[in-house]
Every structure is written in structure tokens, then in C-alpha cells.
Amino acid sequence: MQDTASIDPAAPPGTGRIVVEGLGKRFGPVEAVRDLSFTVEPGSVTGFLGPNGSGKTTTLRMILGLVVPSTGRALVDGVPFTGLVSPGRVVGAVLEVQGVHPRRTARAHLRAAAAAIGVGDARVEEVLALVGLTGAADRSAGGFSLGMNQRLALAAALLGDPRILVLDEPGNGLDPDGIAWLRSFLQAFAASGRSVLVSSHQLAEMELTAQRLVVIDRGECRFDGTVAELRAGHGSRVLVRASDPARLAEALAADGLTEIDRVEDGVLAVGGADAVRVGDLALGAGVAVYGMSEERAGLEQMFLRLLAGEEGR
Amino acid sequence: MAAVTLDRFRAVLTAEVRRTLSTRVWWLLFLPVLVLALAQSLLGSILQLLVPQATDTSAILMLAGLASALTMTAIVGAAFGTLLATGDFRHRTVTLAYLTGSRGQVLAAKCVVAAVVAALYALFLVVLGPLLGGAALGGQQLPDLGRLAGLGAVGILVAALWGVLGVAVGTLVTNQAGAVALTVGYLLIGENLVAGALRAGDGSLGDPSVFARITPFLPGNAGDLAVWEPVVSSAGLGPQAQFVLEFLAGVSAPPPGWVALLVLAAWAGAGVALAAVVGARRDIT
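Residues numbered from 1 in each chain as written. Chains lettered and ligands numbered in written order. Predicted model: local features only at pLDDT ≥ 70, side-chain atom pairs only at ≥ 80, totals over all residues.

Asker: Would you mind going over the overall build of chain B with me for this structure?
Answerer: Across its full length, chain B carries twelve helices and zero strands. Within chain B, the fraction of its 285 residues that count as buried is 50%. Restricting to contacts in chain B with at least 6 residues of sequence separation, those with at least 24 account for 83%. (Helix = DSSP H or I, 4+ residues; strand = E, 2+ residues; numbered from the N terminus. Buried ≥ 20, exposed ≤ 12 C-beta atoms within 10 Å, placed from the backbone. Contact = placed C-beta atoms within 7 Å.)

Following this line, the structure appears as C-alpha cells:
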């Protein structure tokens, strides 16, 4: 695949924003998505996280006008998707079950889409080169690997040079090289002032790719904010080895820090505070501190804690 | 705004043409039409049973054979329309189609493509049928070219309308095998059963019942009637004409051919309208 420098640095005009307002979808007795609201801003990659079956795909398809919402609405560039005059020039999408006719070549597939979007065939060659499929362009898509199909879907999404990209589990089937390429591609795309909404269950990958996160579980929003905010709320803990852990725990609790775990003999893990505050409180309580370190939880841990915490409510 | 809308439709239509030409269904269906063209003379001989004065070489036989083959070509056209509409659902390419054009534009583009391809099937038959079918038997008189052209024009129109109806059915019933079986099965068998039931109890003499009078307004019968009418009226059968036409098209109390064409067009319009409404609300999951 080519390097990401080939993305046009000048962002196209338009708000490039996705606004989801009270979105809900009911399939018969199943409430797939309930009262979901969040905003995707240009200039950053927004990760859309949730366990399997949490409503991610349904939400993305509602944003793209493929699934009709039961309640609420989703605005793309200020209007519902179906109100876009040239949707292919505003939004590009890579969805999980996005087919290609098995007898159609990659080039023919893209040329048809290019005609619908209203871009020339030269653009087809550009996106083929961008995703590294030029050599396979005249092969029938029926013989493509999962990874090649993902790249073909990405090529189709980029045809119209859109200002918004929506991707549903785009890493599926990509090899590690492909995932690394996709990550830097999405970051460069967002850095050029455009919007990226990408769903994934690969949490570690999201931690490297996304600046903002929307976390949903069972169709409901659990978190909407930056990765840093998620860390501040759920992430870092201070590990402190003290002479009298029980007295320190009392002092911490008295100051409102109740998220305390005894991780091993003489060591407390304190959530919701930094080392300075814990150290000051220990000094005030007259407890000797033998060592302190800040533990930065991985996104996966935070995510699990987030879901577990909400469940207990 | 209107200019933008037209531009967008042209773009979506171009995409649909490209999608169609990059697969083989459209030309594979020329094969059954070719078979029909070859068999056309055999089909024409049915008229000899009904019109004793027709000889082996009568020009009317070729017209009758062409009419018979045209009614079957319309079924091929309907099958193509159904395949065109359901193919996107079968291969899940409908997602990309709906992401790059509105649902209404995609449906309209498919109607245009199906109408044109189905019309091409009929045109192919109109041109090749008399040549191949005539050559197969040999020594047949070519009918008057004006009559041939008139019949051909009606047959092409009927096939085109059936192509559109096929798209409507395929949009409503997205399962490809089911939709094709429904369309072709209805035209080959289903409608005959319906018409038979409606005409049950009617004798060959006397006025047809209210139910029997519905039969020319069924879509398949309306198309058949439109195609057969010019043939029968040019055969000079006199008072027998209506009876022969009723037998050939399988209807009672047939209206004029142009009314039958309008009836089929109304079915196509209603089918597309229903497909547009249902298609617009469908969740693509």
C-alpha cells in the first residue's frame, strides 16, 4: 500500500459532522439501540466501541440511511443521510457485510460506483493504487481474500473523496501490516480536518487509533468523550507501598478517595487520584511511603471496568 | 434543483448500466430468445388448427408464430428484471448502491435498464424470428413488412413493460430464487389457473360472467392480448375473430389491443409504486 501522504491535505468544505440524537431501533421484540446520542467531530478519529451485539452495526447503518430508525435521528453534514444530494461525495463507508458480485472485477466494481458518485475513471485507478489493489484490479472479486475485500471496500469508500468516513470493523481480515497502514491512513485522513467514525471490538487497536471514544453496551451509550477523559475517570491508579496500609486507607477515605484495592501485602491501589495527592495524604496521616507508581490501565481494562461498573448500578 | 436531480439520476443510471454489462446474465438470457426464434414456425402452426383456410405457407402463420414467441419473450424479459433487482440483494451490493444513490434513483435506473434489455430481447426476436423461423421451414411467405413492424413494436413494448414489472417484483421479494420462480411461475402457470377459475362455469355460448370479464385485465393476459390482437385482426376471420382471440389470449370479452397495453402499463406503474414505497422503508442489515 502507498504511504498516506497521497491524501489531499485540503479538507473539503461542509461541517463534516455526524450528529446522533436520541437514536433508537427496535427489530420486533428486540431493542437493538436505545436513545443514543453522540457527536463525531471533524479532525479526529472517533472510536465506536462495544461488545458484539451491542448495536454498533445497527447504529452505523442508521447513520448511513440503510436502517430506518424507530426513534430519533442521525444527521450527516447537517442533514439526514437520505437528504444528501450526492451522498458518495460526503460520506464513504466500509461496512461488514458489503458485497461485491463474485464475477465482477475489482475495477468494474469501482467503475460502477464511480459513475454513481459522479467521479471519473481516473479516480478509480487512484484509489486502487492507494489501497494496493492495482495488480489485482482485473481479477474477479469472487477470488479475493477477506483482506483484499476490505481494501476494495475502502477503495470504494474513498472514490468520492468524502469528508466523512464510517468504518465497521475495518481491521477484520487485514494482516498486521494492513492494520498498521489503516491506522496511519485514518489518522492522516482525520488530521486533514475530516471525520472518521470507526467501530471495533479490537480495543487495543482503538487505543492507538482513536482520540475520541463512544462506548455502547446493549444499545445504550456508556461513555462519550476523549480517551484522556476515559483514563481520568477510569484509568490510572496509584500503587502505593506504605508502612501502615490500613491507616492510609482511612486517611484516603476521609478525603473522599474510596476506590481502594489491596493488591498485595502492604500495597494499595488507589483510583481517582494522582501520586502527589496520595503522597500528601500519607504525610498528613503520618504513614511512611516506601514506594509509589502510577499504573496506566490499558483501554481494554478500562472498557471492562466501565461495563462492569455500569452493570452494578 | 431539477437539473441537479437529473444529473444525479443520469449518474446512477450509468452505474446501473455498468453493473449490468459487467456480469453475464443479460446476454445469457438471449439464448432462450434464440431458441424461441428458431421454434417460431412451429408455434405458428397452432393457428392452422383454428383457421382451417390457412395453408402451410400462409403469411399469417409467420405472424402467429412471432406473436406466440413474443409472449414468451416477455417472460424472459420479466425474468431479467427480477434477476436485476434481486441480484443486488443476493450479492449484498445493494449497500453500495444505496450509499451512492437514493433508493428511488436506484429503482428507477433498474426499471430503465430492464425495460431496455427486455425490449432488446423482443427486437432480437422480431428481426431474427422471421429469418430463422422462416428458413427452418422454407418456402414461407413473408408477411407484409408494415404488419410485421406493427406486431414487433407491440411485442417490444410488452416485453419492456414486463421487464419493469420484473424489477418491481424483485424489489418486493428480494430472495432471488423465490422472486424468479414467482414471476415466471405466475406467467407460465399461475395466471392460467386464476383465469381458469374466473372463467369457470362459463359456456362458450352466451355472455361471459362478471368474473370472466376480469380475465383480460390480468397482467399476463393483457400483454398476450395486446400481442395477439393485431395478428387476429389481420387474419380476416370475420365473426370468428373474437373467438380465436379469446382462445389465444385465454380471456373472455377482450377489450381493444391498445386498452390491453394500457392495462399492462398500469400494472407496471402500480408495481413500481408499491416497490418504491416498500423499498424505501426496508432495513438493509
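What follows continues from the structure just given.
Asker: Please explain the overall build of chain A as it appears in this structure.
Answerer: Secondary structure summary: chain A contains eleven helices and 13 strands in total. Looking at chain A residue by residue over its 313 residues, the buried ones come to 43%. By sequence separation, contacts in chain A at least 24 residues apart represent 72% of the contacts at least 6 residues apart.

Asker: I tried to follow the UniProt feature "transmembrane region" (unreviewed entry) in chain B on my own but got confused; where do I start?
Answerer: Residue and element names in this part refer to chain B. The residues that UniProt annotates with the feature "transmembrane region" (unreviewed entry) are residues 25-47, 59-86, 107-128, 148-172, 179-198 and 258-280. The distance from the first to the last C-alpha atom of residues 59-86 is 41 Å, and the span holds 100% helix and 0% strand. Between the C-alpha atoms that bound residues 258-280 there is a distance of 33 Å. The span itself is 100% helix and 0% strand. (UniProt positions renumbered as here; feature names shortened; annotations may be inferred.)

Asker: Looking at this structure, how should I read the confidence of the model for chain A?
Answerer: On average, residues of chain A score 86 in pLDDT, and 88% of them reach the 70 mark or higher. Every residue in residues 1-12 of chain A is under pLDDT 50, and counting partners more than four places away or in other chains gives 21 contacts. (pLDDT = per-residue confidence, 0-100.)

Asker: I keep staring at the sheet that holds strand β3 (residues 45-49) of chain A and nothing clicks. Help me out?
Answerer: The pairing of strands in a sheet comes from backbone hydrogen bonds and takes either a parallel or an antiparallel form. Residues and elements named next belong to chain A. One open sheet holds the six strands; their spatial order is β5-β6-β7-β3-β8-β9, and the pairing between them is mixed. In this open sheet, the two strands that pair with only one neighbour each are β5 (91-94) and β9 (220-226). Sheet twist, expressed as the average angle between the axes of neighbouring strands with direction ignored, equals 15°. Two strands pair when backbone bridges link them, and β3 and strand β7 (residues 195-200) are joined in this way by five bridges, in the parallel orientation. Counterpart to Leu-49 in the pairing with β7 is Ser-200. Lying on the sheet, helix α1 (residues 56-63) is in contact with β3, β6 (164-168), β7 and β8 (212-217); it crosses β6 at an angle near 150°. Packed on one face of the sheet, helix α5 (residues 146-158) meets β5 and β6 and runs near 170° to β5. (Pairing = 2+ DSSP bridges. Axes fitted to C-alpha atoms, helices over the stretch in contact; angles between N-to-C directions.)

Asker: How do you make sense of unusual backbone geometry when you look at a structure like this?
Answerer: One can expect most non-glycine residues to show negative phi and most peptide bonds to be in trans. All names here are of chain A. Of note in the backbone geometry, Glu-169 takes a positive phi value of approximately 50° without being a glycine. In this fold, Glu-169 is placed in the loop between β6 and α6 (176-191). Here Glu-169 falls in the buried class, since 20 other C-beta atoms lie within 10 Å of it.

Asker: For this particular structure, what's the right way to read the interface of chain A and chain B?
Answerer: One widely used convention gives an interface's size as the accessible area the parts lose upon coming together. The interface is formed by 28 residues belonging to chain A together with 25 residues belonging to chain B. Elements represented by at least two residues in the side of chain A that touches chain B include exactly α2 (87-90) and α3 (106-117) of chain A. A total of seven residues in the side of chain A that touches chain B trace back to one element, the largest contributor, which is α3 of chain A. Tallied by class, the residues present in the side of chain A that touches chain B amount to 17 nonpolar, seven polar and four charged. (Nonpolar A, V, L, I, M, F, W, Y, C, P; charged D, E, K, R; others polar.)

Asker: Mind showing me how you'd approach the pairing of strand β12 (residues 267-271) of chain A here?
Answerer: Sheet faces and side chains relate simply in a regular strand, where the side chains alternate between the two faces. Residue and element names in this part refer to chain A. Of the two faces of β12, only the one carrying Leu-268 and Val-270 is buried; Val-267, Ala-269 and Gly-271 on the other face are not. Where strand β10 (residues 237-242) lies against β12, five bridges are found, and the strand directions are antiparallel. Along β12, the bridge assignment pairs Val-238 with Val-270. Hairpin connection from strand β11 (residues 260-264) to β12: two residues lie between these consecutive antiparallel strands, with Gly-266 at a positive phi of about 85°.

Asker: Please clarify how the sheet that holds β10 of chain A should be interpreted in this entry.
Answerer: Residue and element names in this part refer to chain A. A sheet is described by the order of its strands in space; here four strands give the open sequence β11-β12-β10-β13, paired in antiparallel fashion. Every other strand in the sheet has two partners, leaving β11 and β13 (289-295) as the edge strands with one partner each. Strand after strand, the sheet turns through a mean of 25° between neighbouring axes, direction not considered. Where helix α10 (residues 275-285) meets the sheet, it contacts β10, β12 and β13, and its direction lies at approximately 155° from that of β13.

Asker: Which parts of the structure should I look at to understand the nonpolar core?
Answerer: Soluble globular proteins tend to bury their nonpolar side chains together. In this structure, Ala-155 of chain A together with Ala-118, Val-158 and Val-164 of chain B are the most contacted members of the largest nonpolar core, which totals 164 residues. Ignoring sequence-local partners within four residues, the contact set of Val-158 of chain B consists of Leu-70, Ala-74, Gly-223, Ala-226, Val-227 and Leu-264 of chain B. Residues Val-238, Val-240, Ala-251 and Val-270 of chain A belong to the second largest nonpolar core, which totals twelve residues. (Core = buried A, V, L, I, M, F, W, Y, C linked by C-beta atoms within 7 Å.)

Asker: Looking at this structure, how should I read the environment of Val-238 of chain A?
Answerer: Residues and elements named next belong to chain A. Its location among the elements puts Val-238 in strand β10. When the C-alpha atoms of Val-238 and Ala-129 are compared, they prove to be 48 Å apart, with 109 residues separating the residues in sequence. Sequence-distant contacts of Val-238, defined by excluding residues within four places in its chain, comprise Val-270, Ala-273, Asp-274, Ala-275, Val-278, Met-292 and Glu-294.

Asker: When you look at the packing of helix α5 (residues 59-90) of chain B against helix α8 (residues 145-172) of chain B in this model, what are you seeing that I'm missing?
Answerer: When two helices pack together, their arrangement is captured by the angle between the axes and the distance separating the axes. All names here are of chain B. The contact between α5 and α8 brings their axes to 7 Å, and the two run at 25°. Relative to α8, α5 is oriented roughly parallel. Here the hand of the crossing between α5 and α8 comes out right-handed. Taken together, the residues of the contact of α5 with α8 break down into 18 nonpolar, ten polar and one charged. (Parallel < 35°, antiparallel > 145°, perpendicular 65-115°, else oblique. Left-handed = near helix turned anticlockwise from the far one by under 90°.)

Asker: I keep staring at the confidence of the model for chain B and nothing clicks. Help me out?
Answerer: Low-confidence regions, as indicated by low pLDDT, have predicted coordinates that should not be scrutinised in detail. Mean pLDDT over chain B stands at 88; residues scoring 70 or higher make up 89%. Across the whole predicted complex the pTM is 0.86, and at the interface the ipTM reaches 0.88.

Asker: Explain the packing of α3 of chain A against α5 of chain A to me, please; I cannot follow it from the model alone.
Answerer: All names here are of chain A. Between α3 and α5, the least distance of the axes is 10 Å, while the angle of their chain directions is 25°. Taken as axis vectors, α3 and α5 run roughly parallel relative to one another. You can see that α3 and α5 cross each other, and the crossing is right-handed. Facing Ala-106, His-109, Leu-110 and Ala-113 of α3, the residues of α5 in contact are Leu-152, Ala-155 and Ala-156. Of the residues belonging to the contact of α3 with α5, the class tally is six nonpolar, one polar and no charged.

Asker: Which parts of the structure should I look at to understand α5 of chain A?
Answerer: One turn of an α-helix holds 3.6 residues; hence residues three or four places apart share an orientation. In this model, α5 of chain A (13 residues) spans 19 Å end to end at C-alpha, consistent with the 18 Å of a helix rising 1.5 Å per residue. Taken residue by residue, α5 of chain A has Met-148, Gln-150, Arg-151, Leu-152, Ala-153, Leu-154, Ala-155, Ala-156, Ala-157 and Leu-158 of chain A as its buried positions. On the buried face of α5 of chain A, the contacting elements are β5, α3, α4 (121-131) and β6 of chain A together with α6 (94-100) of chain B. (Expected span 1.5 Å × (residues − 1).)

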